[in-house]
Amino acid sequence: MNNEAPVDWDTFEGFALRETDSMYVAKCRGGETWNPGKIEPYGNLSFSPAAGILNYGQGVFEGIKAYRTEKNRIVTFRPDKNAERCAEGCARLSMPPVPQDMFVDAVKQVVRANTRWVPPKGRGALYIRPLVLGSGPVLGLAPAPEYTFLIYVSPVGNYFKSGLEPIHLVVDPSVKRAAPGGTGGVKHIGNYAPVLQTQRSYKGAGYSDVLYLDAVHNKYVEEVSSCNIFALGKDGTVRTPRLSGTILPGITRMSIIQLLKDKGFPVEELDLSIDQLMDASEVFCTGTAVVLAGVGSVTYNGIKAQFSQGSDVGPVTRDLYDTLTGIQSERLEDPYLWVVEVEH
Ligand SMILES: Cc1ncc(COP(=O)(O)O)c(C=O)c1O
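Note that the structure is a prediction, hence the values are computed from the model and not measured. The residue count restarts for each chain, going from 1 along the sequence in the order it is written. Local features in a predicted model are, by the rule used here, given only for residues with pLDDT of at least 70; side-chain atom pairs are given and counted only at 80 or more, and totals for whole chains, interfaces and linings are based on all residues. Heavy atoms from the whole structure form the basis of all side-chain values; hydrogens and water molecules are not counted.

### Remarks on the overall build of the protein
By definition, any uninterrupted DSSP run of H or I lasting at least four residues is a helix, any uninterrupted run of E lasting at least two residues is a strand, and each is numbered from the N terminus. If you tally the helices and strands in the protein, you get seven helices and 17 strands. By the compact-globule yardstick of 20 Å for 344 residues, the protein fits well, its C-alpha radius of gyration being 20 Å. Viewed in the frame of its principal axes, the protein has a C-alpha envelope of about 55 × 50 × 35 Å. Each residue gets one of three labels from its accessible area relative to the maximum for its type: buried under 20%, exposed over 50%, partly exposed in between, using a 1.4 Å probe on protein chains only. When burial is assessed residue by residue, the protein has 53% of its 344 residues classed as buried. Residue contacts are defined here by distance: any two heavy atoms, one from each residue, within 4.5 Å place the two residues in contact. Contacts in the protein between residues far apart in sequence, at least 24 positions, make up 70% of those at least 6 positions apart. Surface exposure of the protein reaches about 15200 Å², of which carbon and sulfur atoms provide 49%. Only four residue types enter the tally: Lys and Arg on the positive side, Asp and Glu on the negative side, with His and both chain ends excluded. By convention, the charge on Lys lies at NZ, on Arg at CZ, on Asp at CG and on Glu at CD. Across the protein, the centroid of the 34 positively charged side chains sits 2 Å from that of the 38 negatively charged ones. Restricting the calculation to C-alpha atoms gives the radius of gyration, and the globule rule supplies 2.2 Å times the number of residues raised to the power 0.38. The Shrake-Rupley method, run with a 1.4 Å probe, gives the accessible areas here. Residue values count only the displayed protein chains as cover.

### As for the packing of aromatic side chains
We call Phe, Tyr and Trp rings a pair once their centres come within 6.5 Å, taking the six-membered ring for Trp, and we label the pair stacked below 30 degrees between planes, edge-to-face above 60, and tilted otherwise. Enumeration over the complete set of coordinates arrives at 11 aromatic pairs. Centre to centre, the rings of F230 and F284 are 5.0 Å apart; their planes meet at 10°, and the pair counts as stacked. One end of the pair, F230, is in strand β11 (residues 228-232); the other, F284, is in strand β14 (residues 282-287), and 54 residues separate them in sequence. According to the relative accessible area criterion, F230 is buried, its value standing at 0%. One aromatic cluster in this structure is built from Y24, W34, F103 and F149. In this scheme, Lys NZ or Arg CZ marks a charge over a ring once it lies within 6 Å of the ring centre and within 35 degrees of the ring normal. Over the aromatic face of Y192 sits the side chain of R177, whose NZ or CZ is 5.4 Å from the ring centroid.

### So, the site of the ligand
Any residue with a heavy atom positioned within 4 Å of a molecule or strand is treated as near that molecule or strand. Not every one of the 16 residues close to the ligand is listed here, only the nearest: K187, Y192, E223, T252 and T288. K187 places a polar side-chain atom, nitrogen or oxygen, 2.7 Å from an oxygen atom of the ligand. Take T288: an N or O atom from its side chain is 2.6 Å from an oxygen atom of the ligand. Listing elements by their share of the shell around the ligand, those giving two or more residues are α5 (251-262) and β14. Think of a polar contact as two N or O atoms within 3.5 Å of one another; within protein, one of them needs to be a possible hydrogen donor and the other a possible acceptor, and neighboring residues in sequence only count if both atoms come from side chains.

### Here we look at the nonpolar core
By nonpolar core is meant a set of buried Ala, Val, Leu, Ile, Met, Phe, Trp, Tyr and Cys residues that side-chain atoms within 4.5 Å join together. W34, F103, V111, I128, V132 and F149 are the most contacted members of the largest nonpolar core, which has 38 residues in total. Elements with a contribution of two residues or more to this core: β1 (22-29), β4 (64-68), α2 (79-92), α3 (100-112), β6 (125-134) and β7 (146-156). Considering every element that reaches this core, the biggest residue donor is α3, with seven residues. Counting 25 residues, the second largest nonpolar core, distinct from the first, contains L213, I229, V290 and A305.

### Structural notes on α2
A rise of 1.5 Å per residue sets the reference length of α2, with its 14 residues, at 20 Å; its end C-alpha atoms lie 20 Å apart and thus fit the reference within 8%. Listed in full, the buried residues belonging to α2 are P79, N82, A83, R85, C86, G89 and C90. One or two residues past the end of α2 sits S94, with phi positive at roughly 60°. Under the convention used throughout, the expected extent of a helix is 1.5 Å for every residue step, that is, one less than its residue count.

### Let's talk about the environment of A293
By secondary structure assignment, the location of A293 is in strand β15 (residues 291-300). Accessibility expressed as a relative area gives 1% for A293, which makes it buried. Separated by 28 residues in sequence, A293 and Y321 have C-alpha atoms that sit 8.1 Å apart.

### Describing the domain arrangement of the protein
Domain annotation of the protein identifies domain 1 (22-156) and domain 2 (167-328). Segmentation into domains, and thus their bounds, comes from an automatic or database assignment. A C-alpha centroid distance of 26 Å is found between domain 1 and domain 2. On the domain 2 side, the residues contacting the 22 residues of domain 1 number 19 residues. Broken down residue by residue, the surface that domain 1 buries against domain 2 is led by F61, F77 and R85, which jointly contribute 37%. By salt bridge we mean one thing: a side-chain nitrogen of Lys or Arg within 4 Å of a carboxyl oxygen of Asp or Glu. Linking domain 1 with domain 2 are zero salt bridges, by the criterion used here. The interface formed by domain 1 and domain 2 includes nine residue pairs in polar contact (both at pLDDT 80 or more). Computed with a 1.4 Å rolling probe, the buried area is the accessible surface lost when two parts are put together, summed over both parts.

### Remarks on the packing of α5 against helix α7 (residues 315-328)
The interhelical angle for the contact between α5 and α7, taken along N-to-C directions, is 115°, at an axis separation of 11 Å. In this view, α5 runs roughly perpendicular relative to α7, as classed from their interaxial angle. Between α5 and α7 lies a crossing whose hand is right-handed. The residues of α7 that touch α5, namely those facing T252, I256, L259 and L260, are L320, T323, L324 and I327. Grouping the amino acids of the contact of α5 with α7 by side-chain chemistry returns six nonpolar, two polar and no charged. Only the stretch in contact is used when a helix axis is fitted, and all axes are lines through C-alpha atoms; the angle between N-to-C directions ranges over 0 to 180 degrees. Each angle is binned into one of four classes, with values under 35 degrees roughly parallel, values over 145 roughly antiparallel, values of 65 to 115 roughly perpendicular, and all other values oblique. A clockwise turn of the near helix away from the far one marks a right-handed crossing, whereas an anticlockwise turn of less than a right angle marks a left-handed crossing. Amino acids are sorted into nonpolar (Ala, Val, Leu, Ile, Met, Phe, Trp, Tyr, Cys and Pro), charged (Asp, Glu, Lys and Arg) and polar (every other residue, Gly among them).

### Some remarks on the pairing of strand β16 (residues 303-306)
Summarising the sheet, β15 and β16 pair through four bridges and their orientation is antiparallel. When the sheet's bridge partners are listed, S297 is paired in β16 with Q306. In textbook terms, the turn of a hairpin is the stretch between consecutive antiparallel strands, and for β15 and β16 this stretch comprises two residues, one of which, N301, has a positive phi near 50°. When DSSP finds two or more bridges between two strands, those strands count as paired.

So, in structure tokens, the structure goes:
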């Protein structure tokens, strides 16, 4: 096999699927114990038309990145936390949780098998997409009799076209992403398709993405379609929606809270009202795909709150971005041991 991936890294950009060499696949028959998985050529899967995933949406996914660092290593960021969140999602969807060691080992195996697709340092990342799904046939509403854990990978550039340039969000109070008691707190595949229509129409109107409000009071900020949100108040306190089961417990969110506390910022996890957010001095979003994106404006009920001008982002946003990407790229020390090497 040619060791150079057929990608022109100089012009490489965007967050889109590029098929790679291989994927990881494991099965759990009888719904209890996972058999060891193996690396297979990347390709289509074959399921019964009655598969639990196809009929009842029994599935969760994860998103992780691997990238080349200043120390010429290939690393991932806190994959143990993705394993934990995946296991919680499996339990919520009545699927057998993938053991943490198996999950992290599978992530490393699939990266190792596709190292030629990891972009050069600073050019992007290899996006890693684990999926656990009900692959066995089931007709009556019940858990599937067989499960598949698979991981595929794709090299990616920036999620938002603008990189660290600020994004522009819009609140649509008539559309809800998650409700108490539902599945908003896990990475359930069914959480995403329902927001596509809204996201598409606002993207068409020039916004970068949609910011959702809570389903009960229609007043508290929840999250964006695929990232968490933070507001730096004029009083110097950083606020972010608390984890109440309706937003995803982001691993970037968790890491940014730690960095903020260590930088001396008071941090509050609370019911953050849209009015409080609109009055903030800086707003930013966090997620594996976006990393940390400054929010230039939020539009709510026809009023636009502006947090930065042009291509600027606020100083706290920039500093956090520099610290997080510094740790991830091994330009800075990693006192938290967040970065995990994939030996290759
Ligand atoms: C709905 C939603 N919120 C937040 C996030 C950010 O989570 P993380 O930082 O773990 O990528 C994601 C992405 O995984 C997401 O899909």
